[in-house]
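Chain residues, written in single-letter form:
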Amino acid sequence: MNLSHEKEAIRAYLKLLQAKGATTNVLYKHSLFLDKLAESLANKPLESIIYSKIIDSVLKTIPAEDWHTNLNTAREFYPFWMNDIKAIAAFNLNYGFDVSVIQWKPIATSLKTLIDSLATESFDTAENWPLKAYAQAMRDQGAEQSLVDTRIKLAQIIVIRLRDAPIKNHKSYRTAAELTLPLFKMVEAKQLFLLVVREFYNFWTGNPNAASMLLNEDSNYN
């Protein structure tokens, strides 16, 4: 097993994190996950589909409560593994790296509890308008009502999970999404939830181009 490419990518990634101010503890946690990831990535073609499949398989071997941190690490590490210098520079410039320990997490719950709560849950105006805009955009594209209903329920779950976030921004949205993902056990359900996470983000942020971005299957969510 040749790990030279992966090891070199890990070293470059951790070196940048250290320069960004990551603590020794944060670097250690990142390296533990990346060492495990590297074993599965060794000798694999540098392709996004392969990377995604390996991430999914590796995550199944670790505790669900660690998914958020490791998913974030996997997202940041990807351009290093791909040796994409432009992507590394752009990501560093535009988004930065998450070098701090997660402070906020949504309240622990189960998927059944969340789904059951939707029957009686009420949403205020601020919560409701992005949901309505998302639903209308799907209908405008000719989506069947059953599809609209299913995706809106998943979007409602995201909204509920974000309620106690002290600051509602892209980081809290990502945290809520990634700590909800492990609640879904079936691969198909996980994939649909992640699709809704990406689509709904633009409506949640009030992006005036959200509907057209949905049509183009594009998103600012990272």
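Residues numbered from 1 in each chain as written. Predicted model: local features only at pLDDT ≥ 70, side-chain atom pairs only at ≥ 80, totals over all residues. Heavy atoms only, no water.

## What about unusual backbone geometry?
Piece 1. Phi is positive for N43, close to 70°, though the residue is something other than glycine.
Piece 2. Mapped onto the secondary structure, N43 falls in the loop between α2 (24–41) and α3 (48–59).
Piece 3. The backbone of N83 shows a phi angle near 55°, a positive value even though the residue is not glycine.
Piece 4. Judged by relative accessible area, which is 54%, N83 ranks as exposed. (Helix = DSSP H or I, 4+ residues; strand = E, 2+ residues; numbered from the N terminus. Buried < 20%, exposed > 50% of the residue type's maximum accessible area, 1.4 Å probe, protein only.)

## Quick notes on the pattern of salt bridges
Piece 1. Counted by the stated rule, this structure contains 5 salt bridges.
Piece 2. In this structure, R163 and E121 form a salt bridge, with 2.7 Å as the shortest nitrogen-oxygen distance. With a gap of 42 residues between them, R163 in the loop between α8 (145–161) and α9 (170–180) and E121 in the loop between α6 (111–117) and α7 (125–140) connect regions that are remote in the sequence.
Piece 3. Note on R163: relative accessible area 31%, which makes it partly exposed.
Piece 4. We note a salt bridge from E127 to R163, for which the minimum N-O separation is 2.8 Å. Of this pair, E127 sits in helix α7 while R163 sits in the loop between α8 and α9, placing them 36 residues apart in sequence.
Piece 5. The class of E127 is buried, set by a relative accessible area of 15%.
Piece 6. Overlapping salt bridges bring together E121, E127 and R163 as one network. (Salt bridge = Lys/Arg side-chain N within 4 Å of Asp/Glu carboxyl O.)

## Side note on the environment of N169
Piece 1. Tracing the backbone through its elements, the reader meets N169 in the loop between α8 and α9.
Piece 2. Along the sequence, N169 and T205 sit 36 residues apart, while their C-alpha atoms lie 8.2 Å from each other.

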